Structures are given as structure tokens and as C-alpha cells.
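If you want the building blocks of each chain, they are given just below.
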Amino acid sequence: MAAIKPRIGIIGGSGLGHAMTQQTTGQEHYFETPFGMPSAPIITSEINGVPIAFLARHGRGHVFNPSVINYRANIYALKSLGVTSIIASGAVGSLVEEMQPKHLVIPDQVIDKTFKRDNTFFDDGIVAHVDFAWPFCDKLRKLLLSVASEVNTTVHNKATYVCMEGPQFSTRAESLLHKSWGAHLIGMTCMPEARLAREAEMCYALVALPTDYDCWREPKGDIDKHKLIAEIIGNLNEATENAVNMIKLAVSKAGDFLEQGCEHNSSLELAIWSDKSKMSLKTKEKLNLLVKKYI
Ligand SMILES: [Zn+2]
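The sections below set out a description of the structure shown in this document. (Residues numbered from 1 in each chain as written. Predicted model: local features only at pLDDT ≥ 70, side-chain atom pairs only at ≥ 80, totals over all residues. Heavy atoms only, no water.)

1. Focus: the pairing of strand S9 (residues 160–163)
Side chains Thr160 and Val162 of S9 all project onto a buried face; the interleaved residues Tyr161 and Cys163 project onto the opposite face, where all are buried too. Where strand S7 (residues 109–112) and S9 come together, four bridges link them in parallel fashion. Opposite Ile111, over in S9, you have Val162 as the bridge partner. Where S9 meets strand S10 (residues 185–187), three bridges bridge the pair, whose relative direction is parallel. When the sheet's bridge partners are listed, Val162 is paired in S10 with Ile186. (Buried < 20%, exposed > 50% of the residue type's maximum accessible area, 1.4 Å probe, protein only. Helix = DSSP H or I, 4+ residues; strand = E, 2+ residues; numbered from the N terminus. Pairing = 2+ DSSP bridges.)

2. Quick look at the coordination of the zinc ion
Those protein atoms acting as donors to the zinc ion are Cys137 (SG), Cys203 (SG), Cys262 (SG) and His264 (ND1), and they sit at 2.1 to 2.3 Å. Geometry at the zinc ion is tetrahedral, judged from its four donor atoms and the angles of 102 to 121° they form at the metal. Of note, the donors binding the zinc ion are all from one chain and are spaced C-x65-C-x58-C-x1-H. One end of the pair, Cys203, is in strand S11 (residues 203–213); the other, His264, is in the loop between helix H7 (255–260) and helix H8 (281–286), and 61 residues separate them in sequence. (Donors = N, O, S within 2.8 Å, 3.2 Å for Na, K, Ca; no water. Tetrahedral: all angles 85-135°; square planar, octahedral: opposite > 155°, others 65-115°.)

3. Brief notes about the nonpolar core
The biggest cluster of nonpolar side chains holds 49 residues, and the ones touching the most others in it are Ile75, Leu78, Ile86, Phe121, Phe122 and Tyr204. When contributions to this core are tallied by element, the ones reaching two or more residues are strand S4 (50–56), helix H2 (71–80), strand S5 (83–94), S9, helix H5 (190–199), S11 and helix H9 (288–291). Counting 38 residues, the second largest nonpolar core, distinct from the first, contains Ala19, Phe54, Ile87 and Ala148. (Core = buried A, V, L, I, M, F, W, Y, C linked by side-chain atoms within 4.5 Å.)

4. Some remarks on the side chain of Thr33
Position of Thr33 relative to the elements: it lies in the loop between strand S2 (27–29) and strand S3 (42–47). Overall, the relative accessible area of 6% leaves Thr33 in the buried class. Separated by 2.7 Å, the side chain of Thr33 and the backbone oxygen of Gly36 make a polar contact. Setting aside its immediate chain neighbours within four residues, Thr33 contacts Pro38, Ala73, Tyr76 and Ala77. (Polar contact = N/O pair within 3.5 Å; in protein donor to acceptor, adjacent residues only side chain to side chain. Contact = heavy atoms within 4.5 Å.)

This is the structure in C-alpha cells:
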């Protein structure tokens, strides 16, 4: 059997999930993984000859909230289709003045505050501890940043992203606390997605779309809540257009990157601590796609 061609996985968050579902034509794949069903059918296609697999994180019609998204099934399903690197997108609130709504941000660090989500593939019978000091792939970040000048907005080249459980937004005290930690953005979805991508030996980078300032910032003048929401949605739509452009431009240049591979494509090599003779057949079968190189 011919080896599956390496692909770039694109995970579309709020706004981008819908926009790219509309724009991407190709073969649809919807199948059950050992961890359940992914959020939506995955579309395989090509951008400038580079194979891609696209998934809308919140499902078609934005039906899954950040706590109930089946992150494990999503990453596992992308892995089964040959994805070796993921470019994800997600809406965020900004914790700093300079990261303005409608800008794009390529984060380099995360503080994970989620607590209700399955955050590992290795919770039953095989123990793995992957290195996660740098949650995003620097090569993939650089690929995205290499097209920043072609995108019609300001692109920030680093940031610390706080991932909160949600679905409610932060209290003001929390927002000020996150700011005092030196964080720049707050969102609800890049964890455990980035962790699972690392366990599945995939590169992972994020295009973050600030839609508004988090509640640390005093609103100027009287605010009409309806107007505010309309403004946030308008910002998201505009940022989405820029993010789609950025992702497509980066992917169209990703041929060499995919060909060469990256250290993250062997991140489990030194991470599996369990004695091979003690692993059950059931566990080995369930995790075969992830661990077959090593056991
Ligand atoms: Zn990498």
C-alpha cells in the first residue's frame, strides 16, 4: 500500500469554520474514531497542490461549545487522514492595548486553565510524557509569519494565550489577573487541542483573531449591548477574511515544510514510559495509529 501523503490540517474556529466550510470543496470524510466522532465531516482537498484536511471545530452550524468539543476524536481523525501539521484558528479577547480587534496574532505560549476536557490520548494502559515547553511549532509559526506582509492587517508575531474553560467570559478580577500574568490573549479552544496534536506527533500553530478587548478595559462612553455584539461580529467577519487569506497563503508555500518534516513528527520517541510487555492488546489496538512506530 502506498504511504499516505502528508497533509496540513486546518481547524477552523468561530467564523473561520463556517467561512472555510463554504469555500472548501473536496472529498468529505466522517467516521468514528476510538475516541468517538469528530466535530464535523473532514474535507480533504488541495491548496496550490498542497494536500489539506479541513475541519470545523465547533461542528457545522457552530453547535459544540468549547467544553464539549471532542478534541481527541478531531485530532485522531485528522491523523488518520495523514495530517502531520495543523494550522488552527480561534477567536480571542485581547488583554493588551496593542493587540487590537481585527489584528491577527500568532501565539508562542499558553497558560492552560481548562479543567473539564480529556487532555491526553494516554489515559489507559500506556503512559506518555511529551515535551510541551513550547506548545506551538516554531517552523510552522515562521511559515505563517512569512506571509504576514501579504495580509491586509497587523500581524503580531508572539503572544501568551490563556485558555479558559468557559463558556462564560471572564470576570473583571480574572481578566486583571490574566493581564498581571503577562498574558496577551484569552480564548477557550487551543487547549487541549495543542497538547493532543503534540501527542499525535503533529506540528501545531494557531492564528488567533482578537474580536474585542476582554473586560479589563473600561469601555469608552455609554455602551449599547446590541451595538457591541454587532461590532464584535463585524470584527470577527473582517478578521476571518484576513485569517483565511493568511492560512491559504501559508499553506500554498508549505510543500517543502511538509516534505522535510519536523522534530514534532517524532515527539513520542522518548515519551513512552510504560513497559511494552505490560501494555494490553486492547490499549495497543486503540492507540495503534499513534504508537505503532514505537511498540
Ligand atoms: Zn513542528
